[in-house]
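Examination of the molecular architecture
Now for the letters of each chain:
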Amino acid sequence: MVRISKNMRKNWVVCSLIVVMMIILGGCGSSEKPANQGGTSAGGTAKLGVVSYLTGAGAAYGESIRHGLELSRDEINSKGKVKLELIFEDSKGEKNEAINAVNKLIHKDDVLSILGPTLSGEMFAVGPIVNQEGVPIMGTSLTVEGITEIGDYVFRNSLPEFAAIPQSIKKAKEKFNLKKVAVMYSDNNDLGVSGFKIFQKSLKEQGIEIIAIETFADKNTDFSAQLTKIATLNPDAVVVAGLYQEGALILKKAREIGITVPIIGNNGFNSPQLIKSAGSAADGAIVASPWYPGKDDVKVKEFIAAYKAKYNKEPDQFAAQAYDALQIMAIAIEKSGSTTDRKKLRDTLATIKDYSGVTGKFSFDEKRNPAMDVTVLVVKDGQFTELK
Amino acid sequence: MDFLLNPYYLQIIMFIIINAILGISIYLTMATGQLSLGNAGFMSIGAYVSALLTLKAGVPLYVAVPVGGAAACLMAAVIGIPTTRLRGIYLAIATLGFGEVVRVVILNLTITNGALGLSGIPSMSVMLSKVFTAMGLAAGIGGMSVRQLGNISVIFILAIILGFLVFFALRLSTSRLGRAFAAIKADEHAAEVSGIDTRYYKLLAFFMGAFVAGIAGGLAAHITFYIGPKDFAYHRAVEILLFAVLGGSDVVWGPLLGSLILTLLPEVLRFATEYREMIYGGILVIMMAFRPQGLISEDTLGFWQKKLMSKSEASTQGEISRRTTR
Amino acid sequence: MFWQQMVNGITLGSTYALIALGYTLIFGVLNIVNMAHGEIFMFGAFVGLILATKFNIGIFGALLGAMVAGAVLGYLMERLALRPLRRRKVSELAPLISTIGVSIFLESLALRLFGPQAQSFPGVYSTQLFEIGGLKISAVQILILAISFGLMLVLRFWLSKTQLGKSIRATAENIETANLLGVDTQKIIVLTVMLASALGGGAGVLVGLAFNAIEPTMGITMGFKGLAVLILGGLGNITGAMVGGLLLGVAEVFSVAYGVSSYRDAVAFGLIIVLLFLRPQGLFGSQEQQGGR
């Protein structure tokens, strides 16, 4: 009996080892494609790689990006000027995964260029690699400072915080006569921290006093302690740097405990989900952004309608920016006249000017950052409306 | 050959080696039966210290990495003297907690740049590529570009470090120190009664684990351009534990195999896109059901040794018989 | 402000305690830290949400449904991930890893099934506010507090007075002996895991109600805190889980109110590290399991 079970155990070792080996070999074997330079393939289809945060804590943001890109791809392909193929890779929001993903896209799938990744931390890790390989990469959701400084092949079409935040503070000061504010930010999120720094700077420039600084972390659900503390200080406004999931909960709790002053958010606030989750508590939330869903523009209306038809929900700014990013990419590919030449694509991309997309009029400045107009929005009766 | 030189695979090999070093670090603490989940915390200390040294103070890499390891070791002294009194799950959660505290401190310090992390860390392969270019090899040799050359040299360096650590771990298991570790692992009370200073040895194992994890952190920081507090959170601590448990923690080959499989698995499963994580979780459950002691245990080694020996015997016999018939 | 913060702390703490109860039950009987408990909790929240929004049954129906879903998941987990390990003598690490596998699986399954967006219960349940002497307390806060204390008392009574409870305690004491004494330990173990998971599922609904954010990764954050409470209160101790949970909640809130909010997440484990030095068996742990198994 003992012998048998021992033998069986040994068999299991052998079996499991064999299975593992097979999986590994299978994975590697199927990948043996000649790696030649320059992206490419039959019939003039341009292969583009996408690295996005599709599973894990930030999957909500990755999903929007993915939807925006897919919608954009289908429209471009149906027009037929250029044909695009998107290859999605998940980064789980981890830098090592993101590195592996871009390496796979560049060296195995041989893509022409890359869209993403979702987080700026990931971009700081993959940017230098991609830049070294001479592959154009465009971030669609990166708003912190120092992204395009990584290298000449790094672009972004999302408006950096330093261009948006000062406008919302300025407008809010004019409108509500702000003197003292309380600031909250997500201290384990790069977007929250960089947003906070810029808020701090522009508040100082506007001569507004910061009477309290409180932090929270992504995925926190309880904000009662911070807000109770803030409520006793009676600020003229609460400034929040973070993403909409936490933003919605903060709004809800703040209104519940009787904070009725305006709540000024950063870029992360700009999502219909904010209103959906916070309900009537979202009224009075302010954000500056180039993406304005209520804009009287055919392109915006068509985009929202198509997005709703396809995914049965409202697009947010992550989706809108991703949509525009691919449109810009397609224009550059068409202009450069090649679906394989990465250098040419980069050079053409850098010259993109006055493209009018769903996030408004768009040009790349000399540092490959977007130059666009910002609208300051305020939530009123469950709708984003322009703050005038 | 082209296939092997693909930078994608070269990068994965680098990650495998880093993870293998982490596997050794947890093997060292587990050799005394201590379940420490603090290795991710020690790794982050090694990574931040060495990255800050190279980035801000311009200290050369070969100094910065060992200093990072030493810093991790120093931290291990602070945390280890009280925690090594704890056992089993208590130790596991106290060390996990230590990792969390380190992460929160890193988030709050200005020198570590909080959640924004440190970017633009000098990369080993870029440094080496520059050296090669300076040596007049800008065009590369034998069809290899200078970048590939840089990557391969990095792998070579990492492999040497790993090889040294494996050698050390193997020697350890047959040394006096290793026997003391094994005695403590088997039965701490018995070991104490038979005159082994269990506290000393447990602490020593804890230090060694921390030092190796710190080194791994320093190396990891210098192959990826960027580190952030997210890289060393709870997930990392569990991942390192998985190397040892999946591969087996009895012999040093276990964590090595574990790190190989667990680094490759997510890459191999990329084809499964949305189902990747589900499959990964499922595999963990299945593995534990069939091989709860890990893939490689002492039995396994014995089994293969015997098998290989009998095979080689058989083949030599065959050789002899062939010769004689001739 | 002090008393309002106290109320905030106790609300938060009672959710921690609710989660820790499930951990501690399983640990007490099986000596396993069930790393998938947080994910079962998350599934419970989603099931409750779907019942409340799609089928429009009341909040108590949703709570019940979530508990049933939790129990079913618990049964499956016991069957597939724990029982195969129990049949052979293995180290305590194997079930730890196995449940980590289950947690990864469940989290990604939830992502596929429910999507990544945070969702919340319709406002009717959570907006009732009571003002007592200047303190604002919501109906949900009272509900959570009442339910978690109620559960604790019921559990304690059940374990000490009923036949089944006694069998559970006998099994917790020593599986072999209990077996010899005629306790069907297999059944007891299944029952314990199901009970703990049902508690987890119910806790999911309550926490979802209190904090309005139900999403696939909520299990990790809350599970982590539950783990801290498990150690704080002493492994396998029900009163300990309760007191430990409240203590952690209050400590976290006060660290924000009177300290620096950015160190909040270090409070839980800072407390543990300090406590383990002073009292390695936890607040209510018995002396004999000192700092170990």
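Residues numbered from 1 in each chain as written. Chains lettered and ligands numbered in written order. Predicted model: local features only at pLDDT ≥ 70, side-chain atom pairs only at ≥ 80, totals over all residues. Heavy atoms only, no water.

Re the overall build of chain B
- For chain B, the helix and strand inventory stands at 13 helices and two strands.
- For 326 residues, the compact-globule estimate of 2.2 N^0.38 gives 20 Å, and chain B sits close to it at 22 Å.
- Principal-axis analysis of the C-alpha atoms places the extent of chain B at approximately 75 × 60 × 45 Å.
- Partitioning the intrachain contacts of chain B with sequence separation of at least 6 by distance along the chain shows that 78% fall at a separation of at least 24.
- Surface accessibility of chain B: about 13,200 Å² in total, with carbon and sulfur atoms responsible for 68%.
- Taking the average location of the 23 positive side-chain charges in chain B and that of its 16 negative ones, the two points are 5 Å from each other. (Helix = DSSP H or I, 4+ residues; strand = E, 2+ residues; numbered from the N terminus. Rg over C-alpha atoms; globule rule 2.2 N^0.38 Å. Contact = heavy atoms within 4.5 Å. Areas by Shrake-Rupley, 256 points an atom, 1.4 Å probe, with all protein chains shown as cover. Lys, Arg positive; Asp, Glu negative; His and termini not counted. Charge placed at Lys NZ, Arg CZ, Asp CG, Glu CD.)

Side note on the overall build of chain A
- Within chain A, the secondary structure is distributed over twelve helices and 15 strands.
- Relative to its 388 residues, chain A shows a buried fraction of 64%.
- Expressed as a percentage of contacts within chain A between residues at least 6 apart in sequence, the contacts between residues at least 24 apart total 70%.
- Total accessible area on chain A stands at roughly 14,200 Å², and carbon and sulfur atoms take up 52% of it. (Buried < 20%, exposed > 50% of the residue type's maximum accessible area, 1.4 Å probe, protein only.)

Side note on the domain arrangement of chain B
- Here the domain parsing of chain B yields domain 1 (7-242) and domain 2 (299-326).
- Using only C-alpha atoms to locate each centre, domain 1 of chain B and domain 2 of chain B end up separated by 40 Å. (Domains from an automatic or database assignment.)

Overview of the environment of Met194(C)
- Tracing the backbone shows Met194(C) in helix 8 (residues 185-211).
- Taking C-alpha positions, Met194(C) is 7.0 Å from Val72(C), a pair spaced 122 residues apart along the chain.

Overview of the interface of chain C and chain B
- At the interface, 43 residues of chain C touch 40 residues of chain B.
- Interface area, chain C with chain B, both sides summed: about 3,800 Å², of which 77% is carbon and sulfur.
- Taken as a group, Ile97(C), Arg112(C) and Phe277(C) account for 15% of the area that chain C buries against chain B, more than any other trio of residues on that side.
- Scanning the region where chain C abuts chain B turns up zero salt bridges.
- At the surface where chain C touches chain B, the tally comes to three residue pairs in polar contact (both at pLDDT 80 or more). (Buried area = accessible area lost by both parts, 1.4 Å probe. Salt bridge = Lys/Arg side-chain N within 4 Å of Asp/Glu carboxyl O. Polar contact = N/O pair within 3.5 Å; in protein donor to acceptor, adjacent residues only side chain to side chain.)

Digging into the interface of chain A and chain B
- The partner chain B presents 45 residues to the 47 residues of chain A that form the contact.
- Both faces considered, chain A and chain B share a buried interface measuring about 4,200 Å² in area, 63% of it formed by carbon and sulfur atoms.
- At the surface where chain A touches chain B, the tally comes to seven salt bridges.
- Here Arg276(B) and Glu97(A) are joined by a salt bridge, their closest N and O atoms 3.1 Å apart.
- Considering every element that reaches the side of chain A that touches chain B, the biggest residue donor is helix 1 (residues 2-29) of chain A, with twelve residues.
- Its residues assigned to classes, the side of chain A that touches chain B comprises 18 nonpolar, 14 polar and 15 charged. (Nonpolar A, V, L, I, M, F, W, Y, C, P; charged D, E, K, R; others polar.)

So, helix 6 (residues 190-205) of chain A
Residue and element names in this part refer to chain A.
- Helix length check: helix 6 (16 residues) gives 23 Å between terminal C-alpha atoms against 22 Å at 1.5 Å per residue, within 8%.
- Among the residues of helix 6, Asp 190, Leu 191, Gly 192, Val 193, Ser 194, Gly 195, Phe 196, Ile 198, Phe 199, Ser 202 and Leu 203 are the ones counted as buried.
- The inward-facing, buried residues of helix 6 contact helix 4 (120-133), helix 5 (161-176), strand 6 (180-186), strand 7 (209-216), strand 8 (237-241) and strand 9 (263-265).
- Positive backbone phi, at 70°, marks Gly 207, one or two positions downstream of helix 6. (Expected span 1.5 Å × (residues − 1).)

Focus on the packing of aromatic side chains
- Tallied over the entire structure, the rule returns 25 aromatic pairs over all chains.
- Pairing Phe2(C) with Phe254(C) gives two aromatic rings, centres 5.3 Å apart and planes at 75°, and the pair type is edge-to-face. Residue Phe2(C) is located in helix 1 (residues 2-30), and its partner Phe254(C) is located in helix 10 (residues 238-258); the two are separated by 252 residues in the primary sequence.
- Between the aromatic rings of Phe46(C) and Phe114(C), the centroid separation amounts to 4.2 Å while the plane-to-plane angle is 10°, which identifies the pairing as stacked. With Phe46(C) in helix 2 (residues 37-54) and Phe114(C) in helix 4 (residues 93-114), this pair connects stretches of sequence that are 68 residues apart.
- Every member of this aromatic cluster is reached through a ring pair, and the members are Trp291(A), Phe303(A), Tyr307(A), Tyr311(A) and Tyr323(A).
- In this structure, Arg66(A) packs its charged tip against the face of Phe88(A), placed 4.6 Å from the ring centre.
- Just above the ring of Tyr153(A) sits the side chain of Arg346(A); from NZ or CZ to the centre is 5.8 Å. (Phe/Tyr/Trp six-rings, centres within 6.5 Å; stacked < 30°, edge-to-face > 60°. Lys NZ or Arg CZ within 6 Å of the ring centre and 35° of its normal.)

Quick look at empty space enclosed by the protein
- This structure, assessed with the given rule, holds ten cavities of 30 Å³ or more.
- Space inside the second largest cavity adds up to approximately 240 Å³.
- Taken together, 20 residues line the second largest cavity, and the ones lying closest to its centre are Lys219(A), Asn220(A), Thr221(A), Asp222(A) and Thr221(C).
- Listed by contribution, the elements that provide at least two residues to the lining of the second largest cavity are helix 8 (244-256) of chain A together with helix 1, helix 8, helix 9 (218-233) and helix 11 (264-278) of chain C.
- Here the lining of the second largest cavity takes four residues from helix 9 of chain C, the largest share from any one element.
- Of the residues belonging to the lining of the second largest cavity, the class tally is eight nonpolar, four polar and eight charged. (1 Å grid on protein atoms, 1.4 Å probe; cavity = no way out; pocket = protein on both sides within 12 Å on 5 of 7 lines; lining within 4 Å. Points joined across faces, edges and corners; volume = space filled by probe spheres on them.)

Re the nonpolar core
Residue and element names in this part refer to chain A.
- Core analysis: the biggest nonpolar cluster contains 312 residues, and Ile 114 and Leu 349 have the highest contact counts within it.
- Sequence-distant contacts of Ile 114, defined by excluding residues within four places in its chain, comprise Gly 49, Val 51, Val 102, Leu 105, Ile 106, Val 130, Val 135, Pro 136, Ile 137, Met 138 and Met 329.
- Listed in part, the eleven residues of the second largest apolar core include Trp 291, Ile 304, Ala 320 and Val 358. (Core = buried A, V, L, I, M, F, W, Y, C linked by side-chain atoms within 4.5 Å.)

Observations concerning the sheet that holds strand 12 (residues 360-364) of chain A
Residue and element names in this part refer to chain A.
- Taking strand neighbours across the sheet as the criterion, the three strands line up as 11-12-13 in an open arrangement whose pairing is antiparallel. Edge positions in the sheet fall to strand 11 (355-357) and strand 13 (370-371), since each has one partner strand and no second.
- In terms of strand pairing, strand 11 meets strand 12 through three bridges, oriented antiparallel. Across the sheet, Tyr 355 pairs through a bridge with Phe 362, a residue of strand 12.
- Helix-sheet contacts for helix 11 (residues 317-336) involve strand 11 and strand 12, and the interaxial angle to strand 11 is about 150°. (Pairing = 2+ DSSP bridges. Axes fitted to C-alpha atoms, helices over the stretch in contact; angles between N-to-C directions.)

Brief notes about a nonpolar patch on the surface
Residue and element names in this part refer to chain C.
- Together, Val 68, Val 72, Tyr 75, Leu 76 and Leu 80 make up an exposed nonpolar region whose accessible area comes to about 460 Å².
- Looking at the secondary structure, you find Val 72 in helix 3 (residues 59-86).
- Judged by relative accessible area, which is 46%, Val 72 ranks as partly exposed. (Patch = residues over 30% accessible without salt bridge, like charges linked within 9 Å, V, L, I, M, F, W, Y side chains within 5 Å.)

Looking at the pattern of salt bridges
- A complete count under the given rule lists 35 salt bridges over all chains for this structure.
- For Glu215(C), the salt bridge is made with Lys219(A), and the minimal N-O distance between the two is 3.2 Å. Placement of the pair is Glu215(C) in the loop between helix 8 and helix 9 and Lys219(A) in the loop between strand 7 and helix 7 (224-233), with the two residues belonging to separate chains.
- Look at Glu215(C) and you get buried, because its relative accessible area is 6%.
- Judged by relative accessible area, Lys219(A) falls into the buried class, the value being 15%.
- When salt bridges with common partners are traced through the structure, they connect Glu89(A), Asp90(A), Lys92(A), Glu97(A), Lys104(A), Asp109(A), Glu267(B), Arg270(B), Arg276(B) and Glu277(B) into a single cluster.

Re the sheet that holds strand 3 (residues 113-115) of chain A
Residue and element names in this part refer to chain A.
- The parallel open sheet is built from five strands, whose spatial order is 2-1-3-4-5. The sheet is open, and its two edges are formed by strand 2 (83-90) and strand 5 (154-156), each paired on a single side. Averaged over all neighbouring strand pairs, the angle between strand axes comes to 25°, with direction disregarded.

Concerning the pairing of strand 1 (residues 129-132) of chain C
Residues and elements named next belong to chain C.
- Relative to strand 2 (residues 135-138), strand 1 runs antiparallel, the two sharing four bridges. Bridged to Glu 131 within strand 2 is Lys 136.
- In sequence, strand 1 turns back onto strand 2 through a hairpin of two residues, with Gly 133 there showing a positive phi of about 50°.

Some thoughts on helix 7 of chain A
Residue and element names in this part refer to chain A.
- Summarising burial for helix 7: seven of the ten residues are buried, a large majority.
- All of the buried residues along helix 7 are Ser 224, Ala 225, Gln 226, Leu 227, Thr 228, Lys 229 and Ile 230.
- Positive backbone phi, approximately 50°, marks Asn 234, located one or two places after helix 7.

A closer look at the confidence of the model for chain B
- On average, residues of chain B score 88 in pLDDT, and 93% of them reach the 70 mark or higher.
- In the model of chain B, helix 13 (residues 298-325) of chain B stands out as the element of lowest mean pLDDT, 67, in contrast to helix 2 (residues 39-56) of chain B, which has the highest, 96. (pLDDT = per-residue confidence, 0-100.)

Quick look at the pairing of strand 14 (residues 375-380) of chain A
Residues and elements named next belong to chain A.
- Along strand 14, five of the six residues are buried, which leaves the element largely enclosed by surrounding structure.
- Bridge count for strand 10 (residues 285-289) against strand 14 is four bridges, and the pairing is antiparallel. Residue pairing across strands places Val 287 opposite Leu 377, the latter belonging to strand 14.
- Judged from the four bridges that link them, strand 14 and strand 15 (residues 383-386) form a sheet pairing that is antiparallel. Each bridged residue has a counterpart across the sheet, and for Lys 380 the counterpart in strand 15 is Gln 383.
- Joining the antiparallel neighbours strand 14 and strand 15 is a turn of two residues, in which Asp 381 adopts a positive phi near 50°.

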